[in-house]
Amino acid sequence: MQNKRLLSISPWIFAAASFLLLVIISVFALNNYKREKVFRDMVLIRTGKAVLNTVSSNTRIAMRSGMLRARFGTEEWLEDVQQIIENSKVNDDIASIYIIDFDGNIVASTGKRATLDQIDTNTLEWLKSDSFSQKDNHRIPQITIASEEIFQIAQRYNLVRRGRDGPAGEMGRPHRMGPMNNVHRMSDPQNSTDRGTAQDKSFYLVAELLTEELNKAVQKQFVQIVILSFVLLLVGAGGLLSILTLQGLKGTQSDLQKMSEFNEVLISSMPLGIIAFDKDGIVQSCNSCALKILELTSFESGPHRAANIPSEVLSVVENSYQGADYDEISVPFKTGIKTISVRCVPIMGPEALVQGRMLILQDLSTQKNLEDQLQRSKRYAALGKMAAGVAHELRNPLSSIKGLALILRSRLSEDTQATDSANLLISEVERLDRGIGELLEYARPEQLRREVVDLEKIIRNSIMLVEGDAVSAGTKIIADIEKPLRAINGDQDKLTQVLLNVILNGLQEMSSGGTLSISATQQDNDSVTIRLSDTGSGIDPQNLEKVFDPYFTTKNEGTGLGLALTRKIIEEHGGSIEIEDSSTYGTTVKIDLPG
């Protein structure tokens, strides 16, 4: 759930977050760089102050001991100060230590300034400027020494000479004396003007430190900060790209899922049954139409599921390897025999390789039934024309024959044998007339007198009409009618004729007694199913397809038009009639009537 919420966030939010991350990283890097520079300056200031304090302390110690005070203003004094400065340069990071007067003359020095007599103008102006104070006494100047950046720190350097008459006069301006290295002589102390007016002589003590090592450390730290910032930026960019990639993947998966669902709906809604096999012959999928055709309730992929598919269907797959990829087969099901067209199509993969096979099924039962109905309609039409002609040609002579037979019988009333012959002639003429009437009724298209009829009443009335015949034959009739049974729209007389034909045929099959079961049930599609089952000898399977044909009969008496006329009436009502036979135990007639 959290991943789905994360993926649903807009990329612009992540872009804004990445920009904010970049800003934070930049500020972080800049602050760290400034902090490192401040830390460098603090180290330089502490080091510089330590040097200055060392020189000042050693000088005060020497003055207090009296040694330096005794030599004040002499060449030996300068040498002592020079010695103090040189002793204070304890490492190579100290570039120079020097003492200058207010005019910029170098009194004593060590290090890189040792050979100079005069300080540079930039440094002198800085020392004399208003910005220079005891607290703000350091800087990194624009000048360099031997192309190396330096750090300058300075302070006032006061030396006081005490004598018996009070403070000594101010030291004269220094100047170089002879070739003595690093030592500078004071101006002539015998100058009475200088001695009489000067009280103290103030100098500047300056220490210059090399910043190269600390700068390297700052630069190294800065490089590390830049690398860390770059890594963080890469991580953020990688996260953003990952989110965008995941969103793209999610979109692709969504599109694929929609396409897959569309394909599934498309295949499921197709009016053709589809069964897919892989290259190993294992069933992988089966759509709903195929399930309906094969009368399967559910289906799961796997090798064991092929056992539920009728062998007649699987034989088409086997025959397809020999080139026969189409066949029309008749498959028996619980509901009856279905005519199914089966086509086997190879499933091609990359490089035109066969990845499996697909069966395309189509139920042709309805089409076949329509074709049979069309053929019957044609036969009915032809039979109707023939019946009309035959009836016209036969009924007139039959009427004459019957009239003459009646006259003959009346004249031969005393001759019993002749009277019986006349009666036989009359009955045969009447039977022939009934046959012609049935033929005309079968062939003549009649208009049904439709009305709302109660099937339960029709069934029970039909049973009542044949009940006497059933009792005399030793047959028991059992009725099981569902209540309430939906009323249908039909012709009551015709439906009664249908039930009487079927019931009488069942009673005739059980001449030595038995049971005739009649049931009526309401179906989900509002149709009504009537089943009439007897316990007679059954029907020969070879005759099942012929029982509804006109003039087909297995009885010694009868025209063979009863069941043909029965099916005609049922079909005129939009229903169907089937015979479910068991040659070893009775016959079941199934009648379906629409609501």
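Residues numbered from 1 in each chain as written. Predicted model: local features only at pLDDT ≥ 70, side-chain atom pairs only at ≥ 80, totals over all residues. Heavy atoms only, no water.

Counting buried positions along strand 1 (residues 94-100) yields 7 of 7 residues, so the element is predominantly enclosed. Summarising the sheet, strand 1 and strand 2 (residues 106-111) pair through 5 bridges and their orientation is antiparallel. Bridging across to strand 2, Ile99 finds its partner in Ala108. With antiparallel pairing between neighbouring strands as the criterion, strand 1 and strand 2 make up a hairpin whose turn holds 5 residues, including Gly104 at a positive phi of roughly 90°. (Buried < 20%, exposed > 50% of the residue type's maximum accessible area, 1.4 Å probe, protein only. Helix = DSSP H or I, 4+ residues; strand = E, 2+ residues; numbered from the N terminus. Pairing = 2+ DSSP bridges.)

This part takes up unusual backbone geometry. Note the cis peptide between Lys483 and Pro484, where omega equals -5°. Examined against the element boundaries, Pro484 turns out to sit in the loop between strand 17 (475-481) and strand 18 (488-490). Backbone geometry places Glu295, a non-glycine residue, at a positive phi of 55°. Along the chain, Glu295 turns up in the loop between helix 8 (288-293) and helix 9 (311-320).

Let's shift gears to helix 9. Among all positions in helix 9, only Val313, Val316, Val317 and Ser320 are buried. Along helix 9, the residues classed as buried sweep out an arc of 100° about the axis, all on the same side. Exposed side chains of helix 9 directed beyond 90 degrees from the buried face belong to Ser311 and Glu318. Along its buried surface, helix 9 packs onto strand 11 (273-278), strand 13 (326-333), strand 14 (336-348) and strand 15 (354-363). (Arc of directions from axis to C-beta. Contact = heavy atoms within 4.5 Å.)

It is worth spelling out the pattern of salt bridges at this point. Taken as a whole and judged by the stated rule, the model has 11 salt bridges. Two residues, Glu328 and Lys368, come together in a salt bridge whose shortest N-O distance is 3.8 Å. Of this pair, Glu328 sits in strand 13 while Lys368 is found in helix 10 (residues 365-411), placing the two residues 40 residues apart along the sequence. Glu328 gets classed as partly exposed once you look at its relative accessible area, which sits at 40%. (Salt bridge = Lys/Arg side-chain N within 4 Å of Asp/Glu carboxyl O.)

Two packed helices can be described by the angle between their axes and the distance between those axes. Between helix 12 (residues 455-472) and helix 13 (residues 492-509), the least distance of the axes is 9 Å, while the angle of their chain directions is 40°. The orientation of helix 12 relative to helix 13 falls into the category oblique. Crossing handedness for the pair helix 12 and helix 13: right-handed. Across from Leu455, Ile458, Ile459, Ser462, Leu465, Val466, Asp469 and Ala470 in helix 12, the residues of helix 13 making contact are Gln492, Leu495, Thr496, Leu499, Leu500, Ile503, Leu504 and Leu507. Tallied by class, the residues present in the contact of helix 12 with helix 13 amount to 12 nonpolar, 3 polar and 1 charged. (Axes fitted to C-alpha atoms, helices over the stretch in contact; angles between N-to-C directions. Parallel < 35°, antiparallel > 145°, perpendicular 65-115°, else oblique. Left-handed = near helix turned anticlockwise from the far one by under 90°. Nonpolar A, V, L, I, M, F, W, Y, C, P; charged D, E, K, R; others polar.)

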